[in-house]
Amino acid sequence: MRYQLLGRSGLRVSELCLGTMTFGAAGWGTPEPEAAAMVKRFRDAGGNFFDTANEIYAGGLSEEILGRLVAGERDQVVIATKYGLHVPGTNNPNAAGNQRKSLKRSIESSLKRLGTDYVDLLWTHCWDGVTPADEVMRALDDLVRQGKVLHIGVCNTPAWVVSRSNTLAELRGWTAFAGLQVEYSLLERTAERELLPMARALGLGVAAWSPLASGILSGKYADPGAGDGARLQKAPMRPLDERSLALARGVAAVAAELGRPPAQVALNWVRAQAGVLPLLGARTDAQLQDNLACLDFTLEPETLVRLDALSAIEPGFPHDYLRRTRALATAGFDARLDLTSSKGPKQ
């Protein structure tokens, strides 16, 4: 496995991240012995990047299990956890959200469950829509200065909020977000409209959660008679509609031509996107073994073009308008201007 820097930081992370939301989850999740086999397989493959979250993942069991499994090599692994979401029913309005009180409660609890005195990366799990950006960024910076958190990242948040937050942090000398986590797959490409161009412009590392769209792109649901949909029922993230099924069948057809499982093709499409790192969400060691085999090959340019066309989305306003009027914006010199910058291709 190869490694890359997390955004503009110096933190080295493996090109695949192992998500541990399944660890300890009742019913559809992964018991600890199976989780241990998965962690060993991931480490043997060279993986060092693990992603978990606070109580929202199996009531905290995900952190507890992960902490026990990597305790003997804490300095060799990169642990990322999250705050901001919490299971309803606690009768505590401050148990969730981005505010200082929620942050303090969550990180202190996470450190205890993980059995460590610091996390390498702390993600804000989502934007709560009410906490001021300066409160969030200063509170996160305080944790970095205390040594409890080494780097910070942001998940599931509008691009304008991330941009404003990082600009504010840089202006005031606070720690800025080094990473962005978004849902991204052949089935969910809307991050291409605002979030991914923003990440390139700001130098944010991108982790793609649900790169297999809750298992839909693995092909297990492509046949209406196959699979019971238990995973989608327990943790519904993606509707199993006709578009999803049609795309899954299209990916399966490409995979059959390549002699590879559909999951590996879908993961390699994500890997081929500049600056994007897939976050694996396997439930069993066998699934993880299959997913890791995506490292054994890459997709040819013509295959990528085919998959792009198969899963294309409408850019929407203002992107479609800007494309139509590019000649006007360049005074007719569009074809003669090199508009590609070091931050990424022209939009």
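These numbers were taken from a predicted model, which means no experiment stands behind them. (Residues numbered from 1 in each chain as written. Predicted model: local features only at pLDDT ≥ 70, side-chain atom pairs only at ≥ 80, totals over all residues. Heavy atoms only, no water.)

Novice: Help me understand the overall build of the protein chain in this model?
Specialist: The secondary structure content of the protein chain amounts to 13 helices and 10 strands. Compactness check: the protein chain gives a C-alpha radius of gyration of 20 Å against a globular reference of 20 Å for 347 residues, within 12% of the reference. When burial is assessed residue by residue, the protein chain has 51% of its 347 residues classed as buried. Taking all contacts inside the protein chain whose residues are at least 6 apart in sequence as the whole, residues at least 24 apart take part in 75%. Roughly 16000 Å² of accessible area belongs to the protein chain as shown, and the carbon and sulfur atoms make up 54% of that amount. (Helix = DSSP H or I, 4+ residues; strand = E, 2+ residues; numbered from the N terminus. Rg over C-alpha atoms; globule rule 2.2 N^0.38 Å. Buried < 20%, exposed > 50% of the residue type's maximum accessible area, 1.4 Å probe, protein only. Contact = heavy atoms within 4.5 Å. Areas by Shrake-Rupley, 256 points an atom, 1.4 Å probe, with all protein chains shown as cover.)

Novice: Can you walk me through the packing of aromatic side chains in this structure?
Specialist: The way to describe two aromatic rings as a pair is by their centre distance and the angle between their planes. Applying the stated rule across the entire model yields 4 aromatic pairs. Plain terms: the ring middles of Phe 42 and Phe 50 are 5.3 Å apart, the flat faces sit at 70 degrees to each other, and that makes the pair edge-to-face. For Phe 42, a relative accessible area of 0% corresponds to the buried category. When the centroid spacing of 5.5 Å and the interplanar angle of 85 degrees are considered together, the rings of Trp 127 and Trp 160 count as edge-to-face. Residue Trp 127 is found in the loop between β6 (119-124) and α4 (133-146), and its partner Trp 160 is found in helix α5 (residues 159-172); the two are separated by 33 residues along the sequence. The exposure class assigned to Trp 160 is exposed, which follows from its relative accessible area of 53%. The cationic tip of Arg 74 hangs over the ring face of Tyr 118; the distance from NZ or CZ to the ring centre is 4.1 Å. (Phe/Tyr/Trp six-rings, centres within 6.5 Å; stacked < 30°, edge-to-face > 60°. Lys NZ or Arg CZ within 6 Å of the ring centre and 35° of its normal.)

Novice: Quick question: what am I supposed to make of the side chain of Asn 54 here?
Specialist: When you line up the elements, Asn 54 lands in the loop between β4 (49-51) and α2 (61-69). Take Asn 54: its relative accessible area is 0%, and that puts it in the buried class. If we ignore the near neighbours within four places in the chain, the residues touching Asn 54 are Gly 60, Glu 63, Thr 81, Lys 82, Tyr 83, Gly 84, Leu 85, Arg 105, Ser 106, Ser 110 and Arg 113.

Novice: So what exactly am I meant to see when it comes to the environment of Gln 264 here?
Specialist: Mapped onto the fold, Gln 264 is located in helix α9 (residues 262-271). According to the relative accessible area criterion, Gln 264 is buried, its value standing at 3%. Leaving out residues up to four positions away in the same chain, Gln 264 has contacts with Asp 290, Ala 293, Cys 294 and Phe 297.

Novice: For this particular structure, what's the right way to read helix α10 (residues 285-292)?
Specialist: Since there are 3.6 residues in each turn of an α-helix, residues three or four apart along the chain are aligned in direction. Those residues of α10 that sit buried are Asp 285, Leu 288, Asn 291 and Leu 292. Along the axis of α10, the buried residues cluster in a sector spanning 120 degrees; they form a single face. Contacts made by the buried residues of α10 are with β3 (17-19), α1 (32-44), α9 and β10 (276-280). (Arc of directions from axis to C-beta.)

Novice: Looking at this structure, how should I read the nonpolar core?
Specialist: Generally speaking, a soluble globular protein has its nonpolar side chains buried in company with each other. Counting 75 residues, the largest nonpolar core has Leu 122, Leu 180 and Leu 217 as its most contacted members. The contacts of Leu 122, once residues within four sequence positions are left out, are Thr 81, Lys 82, Tyr 83, Leu 103, Ile 107, Leu 140, Leu 143, Val 149, His 151, Ile 152 and Gly 153. Of all hydrophobic cores here, the second largest spans 15 residues; its members include Leu 11, Phe 49, Ala 80 and Leu 279. (Core = buried A, V, L, I, M, F, W, Y, C linked by side-chain atoms within 4.5 Å.)

Novice: What's the story with the packing of α1 against α10 in this structure? I'm lost.
Specialist: A pair of packed helices can be characterised by two numbers: the angle between their axes and the separation between those axes. Close contact between α1 and α10 brings their axes to 9 Å; oriented N to C, the two are set at 20 degrees. It follows from the interaxial angle that α1 and α10 lie roughly parallel. Between α1 and α10 lies a crossing whose hand is right-handed. The segment α1 lies against α10, with Glu 34, Ala 37, Met 38, Arg 41 and Phe 42 engaging Asp 285, Ala 286, Leu 288, Gln 289 and Leu 292. For the contact of α1 with α10, the per-class residue count stands at 6 nonpolar, 1 polar and 3 charged. (Axes fitted to C-alpha atoms, helices over the stretch in contact; angles between N-to-C directions. Parallel < 35°, antiparallel > 145°, perpendicular 65-115°, else oblique. Left-handed = near helix turned anticlockwise from the far one by under 90°. Nonpolar A, V, L, I, M, F, W, Y, C, P; charged D, E, K, R; others polar.)

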